[in-house]
Each structure stands twice: as structure tokens, then as C-alpha cells.
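Overview (structure and organization)
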Amino acid sequence: MSSLNIGTSGLLAYQRAIGTTSNNIANASTEGYSRQDTSLANRPPQFLGGNFQGQGVQVDNVRRISDEFVNRQLTDATTTATGAETRVQIANRIDDLLADESSGLQPVLDSYFDAAQDVSSDPTSSSAREVFRTEAESLVERLGSIDSRLQEQRDIVNGQIETGVQEVNDLAESLADVNRAIVSGSTQASPNDLLDQRDRLVNELAEKVDVRTVEQDDGALNVFVGNGQSLVLGGDARELRAEALSGDPDQLDIGVPSGDGTASISRFIQGGELGALLETRGGLIDEAQNTLGQIAHSLGESFNHQNQLGLDLNGEQGGPIFSLGEPQVWGAGDPKPGANPEVSIEDASALTTDDYRLLRDDEGEYEVRRASDNRVLDDFEIEDEVLRIDGLAVDLSELEDQDITGEWLIQPTRTGVGQMDVLMEDGDELAAAAALRAEEGAENVGSAQVSEIAATDPDPDGEAFDGSIDGLEITFDGDEFVRSDGEELETEEVDDGVYRLTGDGWEMEIRGTPEEDDSFQVFTNENREGDNRNMKAMNELAEADQVEGRRNFGDAYNSLIASVGTQTRQAQVAEESASAQLDQAREQRESVSGVNLDEEAADLLRYQQAYQASAQVIQIGNSLFDSLLGAVRG
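Here's a quick rundown of the structure. Quick caveat, the model's predicted, so the values are computed rather than measured.

**Describing the overall build of the protein chain**
A tally of regular secondary structure across the protein chain gives eleven helices and 32 strands. Computed over the C-alpha atoms, the radius of gyration of the protein chain is 40 Å, more than 25% above the 26 Å expected from 2.2 N^0.38 for a compact globule of 634 residues. C-alpha extents for the protein chain along the principal axes are approximately 165 × 55 × 45 Å. Sorting the 634 residues of the protein chain into buried and exposed places 45% on the buried side.

Okay, structure coming up:
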């Protein structure tokens with residue numbers, strides 16, 4: 001080959017190298033761009049005159065500088081950082097909402113209990129009673145305000161989930177398009193720019209959800225989410241759906257098409273914005289709303305019960321102070337069951353903050369799972385077609401009668417605050433007085449005295465309220481206490497010299513040593529407006545362990561604040577760590593695939609010199625050729 005051809009090959013090769021370097025410089029600030037390098041190779045030599053003679057240079061390929069392991073690290077770091085950022089944003093909002101002294105629950109709780117104490121100090125005061133009723137309304141309003149703001153956060157999260165799912169679907173479709181273009185273009189050469197575009201799309205997808213990728217032999221990239229659900233297979237994209245799949249219409253889940261319906265994969269979605277949204281909604285927001293509902297049910301039920309055990313200012317049996325709602329029950333699955341079981345609260349003090357999933361299979365067997373972690377619970381009992389667990393009673397009779405199978409979501413406390421209201425219309429309806437009183441007989445010779453008597457059952461047809469025991473005499477016969485009307489009286493010596501006498505809906509305590517024929521009289525307690533014994537019992541509820549049997553109302557709310565605060569701090573620490581790891585991953589990726597302008601400037605100068613030298617070779621070759629032509633012509 002002549003020097004002209006050799007020079008031309010160099011000219012073309014270095015022109016290509018200059019073009020590649022120029023492209024690197026132009027894209028130095030382009031996010032996700034991978035530096036490219038022109039690889040040169042000598043042309044096959046030609047055998048001439050007993051020797052192999054070089055034939056110039058050619059472009060072997062334009063190589064994309066990329067490291068799969070480094071890119072995977074960046075993708076994982078992006079998923080973690082975006083999830084941590086989303087988590088800390090929601091946690092900060094919930095923490096600020098609950099811990100704010102001006103808008104939190106603790107101040108109105110204190111005011112409510114203080115008002116109750118004021119009534120106990122002066123039970124005849126109508127103004128003190130009215131203040132108590134007003135404080136009850138303030139308590140319900142504050143609970144409702146906090147709950148509604150938590151519901152706003154739930155609605156925001158649901159909207160973000162819906163938007164995020166749509167963005168995932170758009171990105172999946174774009175990835176499928178790029179896959180098709182890569183497969184089509186890779187038969188000729190490596191489609192570097194398309195590979196960069198695909199990596200950018202994968203990283204954008206990683207911001208939404210944790211993804212796993214597998215490259216096919218033809219160059220297409222398969223993308224999987226959750227526990228292996230395919231999102232992109234070659235040139236085909238699969239759609240995710242945001243629907244209320246758990247049964248609760250207020251709870252959007254993420255699902256995939258399955259037959260004629262949609263199968264939920266929410267519990268498998270991890271990482272990224274969507275994973276963080278699902279986690280914080282099912283953790284922080286559910287915990288906060290369920291705890292508020294738990295407090296509302298426990299407080300409302302305990303004060304209702306105690307008020308119904310006393311007499312109001314008019315001498316009438318007290319009524320409930322608060323109206324309380326029932327647990328929510330939702331049919332789940334597709335299709336949903338034909339009917340829902342009736343669920344009621346038997347013991348508000350035993351309620352937890354958990355939601356439950358009830359399942360009945362084709363054999364009629366029941367299973368209860370905790371909704372938060374899907375753990376199977378075995379601490380329930382079924383008797384007379386009623387399932388009991390954690391203070392709940394689930395009536396299974398309709399399911400049994402109609403042989404209904406399926407799955408149900410039970411939310412005992414989620415809407416407890418929203419259904420709570422004050423029923424008391426007048427402070428005089430507050431039952432500060434006890435329903436009964438008792439006296440020792442005037443001729444008693446023993447040291448026994450009545451230390452306490454109170455109603456224990458609010459049934460208006462029971463002895464405590466039907467008037468049947470007004471004037472009842474109880475006599476100690478030397479061995480036991482007996483009623484003058486011959487009715488049964490349960491007696492228990494609970495301590496040395498302490499006797500508990502239990503009748504139909506009432507209880508009396510006698511302390512001391514009774515002598516034979518000592519008597520005690522029981523009376524109804526109407527028209528004793530100054531009696532504050534039942535109000536004292538209400539005041540004791542403020543410090544009683546009424547929430548799950550282990551915390552009082554204030555402690556329950558403070559425990560919620562502490563839990564949310566701890567989770568918020570953990571989220572902040574995780575976000576700081578994830579952000580630092582993302583910065584490191586980006587720096588590492590830049591060190592491998594990023595454009596170094598100093599290096600590119602040096603390469604550009606080197607290629608420019610080589611290009612000029614190749615042009616000089618052509619010029620010399622042309623001169624030699626002209627000289628040769630001149631000699632022949634001469």
C-alpha cells in the first residue's frame with residue numbers, strides 16, 4: 001500500500017478519535033454519561049518483497065468505559081438514599097404533629113382530668129360540671145384534629161404511591177423501548193449512548209423501588225421488583241397497579257395483573273420511594289392513628305362505665321359520656337367474600353394497636369394474622385360461634401350458616417377517634433354520686449364498719465339501680481353475713497378482718513371484727529348531691545392502667561410520641577448515612593466512567609498532532625507521486 005493510503009487511514013482514524021474525544025468533552029456534565037475511548041488497531045500487513053509491510057491503522061471499536069459492579073453499587077445506593085429521604089420527610093411531619101405542645105394531646109388530657117378533680121372537690125357546682133363537659137368536648141375535638149391531620153398524611157402518601165406507580169410504569173415502558181433499540185443496534189456495534197440511556201432509566205427506576213437486573217444474551221436487560229416479579233422482559237413492560245387491595249378503601253396497595261384481577265405485591269416492595277411510603281404508612285401513620293383510637297376507646301369506655309355506676313345531680317343513673325364507634329371490617333381479596341362478620345369490642349382495656357386478618361378456608365378452619373407483619377396468631381378462642389382475641393368478639397354465625405370462605409381485614413381502633421363524640425348535653429348529667437350507701441346498725445357491738453359500697457354493674461334492672469335493696473339489712477350470724485330477704489350474698493374474706501360482700505351488681509367492703517347479730521343497712525343514694533364517691537373513682541381512672549392493662553392514658557400517648565421520636569431519629573441517621581454512601585458511589589462511578597477534562601484535553605492534543613502528521617504523510621506521498629509523474633513525462 002502506498003504512503004498515500006497509509007496516511008489516509010491515519011487521517012480517518014484520528015479524525016474518529018478526535019470526534020470521540022470531542023463528544024466526551026461535550027458531555028462532561030451530562031448525567032449518566034460514560035466516557036468513551038477509541039481503540040485503534042493496525043491493518044493486516046501485506047507481504048511484499050519477502051517482507052510484511054504495514055498497511056496503516058483502523059478504528060477497532062469505540063469502547064464505553066463502564067464497570068457493572070460500580071453501576072450496581074450506584075443503583076443500590078440510589079434506592080437506599082431515596083427511600084431514606086422519603087422516610088425521614090414523613091417521619092419529621094408525624095413527629096412535629098404529635099410532639100407539638102400547642103397542638104398535641106397531653107395539654108387537653110391534663111385539662112380534662114383537672115376538670116374532673118374540680119367536680120370531685122365540689123360535686124354540687126353546676127359550673128364545675130359544665131367545665132368538665134366542655135373539657136370533654138375539647139378532648140374529643142383535639143383527638144379529632146390530630147386524627148384528621150394524620151389522615152391528611154395518609155392521603156398524601158396514597159397520592160404519592162399512585163403517582164410513583166405511574167412513574168414506574170412510564171420508566172418500564174421506556175426501558176422496554178431502549179431494550180428493543182439496543183437489540184436492533186447491537187448487531188452492528190456497541191450502542192454506547194443507548195446503554196447510557198438505559199442505565200439512567202434503571203437508576204431513575206431505582207429511586208422509586210428496589211430493582212434487580214439480568215442481561216440477556218442479545219443485550220436486552222430484564223428488570224425485576226419485589227420478590228422476583230418481572231417489570232421488564234426484553235422489549236415488553238409489565239404494568240403495576242395502585243389499588244385498594246387489602247379491603248380498606250383508604251389504603252392503596254401495589255399490585256400486578258393476575259387473571260381477571262390484581263394480586264397485591266405490597267409486602268414484597270422494598271426500598272426506594274415506594275418502599276419507604278408503604279413502610280411509613282404501615283408503620284408510623286398506622287401506629288399513630290391506631291394508638292389514638294385505642295386511647296379514645298379505652299378512655300371513653302372506662303369513663304362511660306364509671307359514670308353509669310353512679311347517680312347524677314338529679315338522682316338518676318348516669319349515662320354514657322361519650323359515643324364510641326365499632327371496629328371496621330372489610331372484605332379482602334378478589335372477589336371479596338359475600339358477607340362480613342360482625343365485630344364488637346368486649347374489653348376496651350385489652351385492645352392493642354394491631355389490625356388483623358381473619359381467614360376461613362374451605363374446611364371451615366379459621367386463621368388470624370397480624371396485618372402489620374402477617375404473623376399467624378394462635379392466642380384466640382372460639383366458643384359458641386364467637387371468636388375472641390385482644391378484647392374483640394367476632395361473630396362467626398353468618399359465616400358458618402352460609403358457609404362463607406375468604407379473607408377479612410379487621411381494624412379495631414383505626415376509626416375510633418373519628419367515631420367518638422360527647423353525648424352529655426348538660427353538666428348535671430355527670431354522675432358524681434355513688435349509687436348506694438350503707439350504715440352500721442346502731443346496736444352493733446363489734447368493730448366492723450362499712451369502708452366502701454359501690455355499684456359494679458350498670459344494668460338498670462340490677463339491684464344497684466332498680467331500688468329493690470333500698471333498706472336491705474345484712475346480719476352477721478357468727479359465721480357468715482346473710483341478707484334479710486333471703487337472697488344469696490357472696491362473702492369473701494380478702495384479708496384479715498376485711499370482708500367483701502357481693503350482690504347482684506353491687507359490692508360492699510366491711511373492715512373490722514363483727515360480732516354475732518351485728519347488722520348493716522344498704523340504701524339507695526338519691527338526693528345526696530354532695531356525694532362525690534363515684535367522681536373520685538373517675539379521677540382514679542387518670543392514673544389507672546386502662547390501655548392494654550399496662551399504661552394510663554397519658555403514658556400511652558407519651559409512649560407514642562417516644563416511639564415516633566425514636567423512629568424519626570433513626571430515619572434521620574439512616575438518611576445521613578445513605579446520603580454519604582450515595583455520594584461515595586457517585587464519586588466511584590465518576591472515577592471509572594466520568595469525563596476528566598484534563599485527560600481529554602491531552603488526548604485531543606495528541607490526536608490532533610497525529611492527525612496533522614498523517615496529513616503530512618499524505619502531502620509527502622503526493623509530492624513523491626508528482627515527482628515520479630514528472631520524471632516519466634520528461
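**Remarks on the pattern of salt bridges**
As enumerated under the stated definition, the model contains 35 salt bridges in all. As a salt-bridge pair, D76 and R72 come within 2.6 Å of each other at their nearest N and O atoms. One end of the pair, D76, and the other, R72, are both in helix α2 (residues 68–99), four residues apart, so they sit about a helical turn from each other. Its relative accessible area of 22% is what places R72 among the partly exposed residues.

**Points about the packing of aromatic side chains**
By the definition in use, this model includes ten aromatic pairs. Residues Y112 and F132 carry aromatic rings whose centres are separated by 5.0 Å and whose planes lie at 35° to one another, so their mutual orientation is tilted. Highlighted residues: Y112 in helix α3 (residues 106–121) and F132 in helix α4 (residues 126–185), separated in sequence by 20 residues. According to the relative accessible area criterion, Y112 is buried, its value standing at 0%. Relative to F303, the ring of F113 has its centre 6.3 Å away and its plane inclined at 25°; by these criteria the two rings are stacked. You can see F113 sitting in helix α3 and its partner F303 sitting in helix α6 (residues 272–307), a full 190 residues away along the chain. Given a relative accessible area of 0%, F303 falls into the buried group. Among the aromatic residues, ring-to-ring pairing joins Y112, F113, F132, F303, F322 and F553 into one connected group.

**Examining the sheet that holds strand β19 (residues 381–383)**
One open sheet holds the four strands; their spatial order is β15-β21-β20-β19, and the pairing between them is antiparallel. Single-partner strands in this sheet number two, and they are β15 (342–345) and β19. This sheet shows a mean twist of 25° between the axes of neighbouring strands, independent of strand direction. Where strand β20 (residues 386–389) lies against strand β21 (residues 392–395), four bridges are found, and the strand directions are antiparallel. Across the sheet, the residue bridging to L387 is V394, located in β21.

**Remarks on the side chain of N525**
Note on placement: N525 falls in the loop between β32 (519–524) and α9 (533–541). Here D531 takes part through its side chain, which lies 2.7 Å from a polar atom of the side chain of N525. Apart from residues no more than four positions distant in its own chain, N525 is found in contact with L311, A433, A434, A435, L436, R437, D531 and R533.

**Some details on the layout of surface pockets**
Estimates place the volume of the largest pocket at around 1200 Å³. Lining the largest pocket are 43 residues; nearest its centre among them are D253, R267, R357, A371 and S372. For the lining of the largest pocket, the class distribution of residues is nine nonpolar, 16 polar and 18 charged. The calculated volume of the second largest pocket comes to roughly 870 Å³. Forming the boundary of the second largest pocket are 33 residues, of which N71, T75, D199, R200 and N203 lie nearest the centre. Elements with a contribution of two residues or more to the lining of the second largest pocket: α2, α5 (192–208), β5 (211–215) and α10 (553–593). It is α5 that contributes the most residues to the lining of the second largest pocket, nine residues altogether. In terms of residue class, the lining of the second largest pocket is built from eight nonpolar, ten polar and 15 charged.

**A look at empty space enclosed by the protein**
Applying the stated rule across the entire model yields two cavities of 30 Å³ or more. Approximately 70 Å³ is the volume found for the largest cavity. Every residue lining the largest cavity is counted, 14 residues in all, and those nearest its centre are L311, D312, A433, R528 and E529. Of the pockets and cavities examined, the second largest cavity occupies roughly 50 Å³. Y356, R357, L358, V368, L387, I389, L392, V394 and I410 are the residues that line the second largest cavity. Elements represented by at least two residues in the lining of the second largest cavity include exactly β16 (356–360), β20 and β21. Broken down by element, the lining of the second largest cavity gets its largest block of residues, three residues, from β16. Considered class by class, the residues forming the lining of the second largest cavity number eight nonpolar, no polar and one charged.

Reading the values: the criteria
- Residues numbered from 1 in each chain as written.
- Predicted model: local features only at pLDDT ≥ 70, side-chain atom pairs only at ≥ 80, totals over all residues.
- Heavy atoms only, no water.
- Helix = DSSP H or I, 4+ residues; strand = E, 2+ residues; numbered from the N terminus.
- Rg over C-alpha atoms; globule rule 2.2 N^0.38 Å.
- Buried < 20%, exposed > 50% of the residue type's maximum accessible area, 1.4 Å probe, protein only.
- Salt bridge = Lys/Arg side-chain N within 4 Å of Asp/Glu carboxyl O.
- Phe/Tyr/Trp six-rings, centres within 6.5 Å; stacked < 30°, edge-to-face > 60°.
- Pairing = 2+ DSSP bridges.
- Axes fitted to C-alpha atoms, helices over the stretch in contact; angles between N-to-C directions.
- Polar contact = N/O pair within 3.5 Å; in protein donor to acceptor, adjacent residues only side chain to side chain.
- Contact = heavy atoms within 4.5 Å.
- 1 Å grid on protein atoms, 1.4 Å probe; cavity = no way out; pocket = protein on both sides within 12 Å on 5 of 7 lines; lining within 4 Å.
- Points joined across faces, edges and corners; volume = space filled by probe spheres on them.
- Nonpolar A, V, L, I, M, F, W, Y, C, P; charged D, E, K, R; others polar.

Keep in mind these numbers describe shape, not what the thing actually does.
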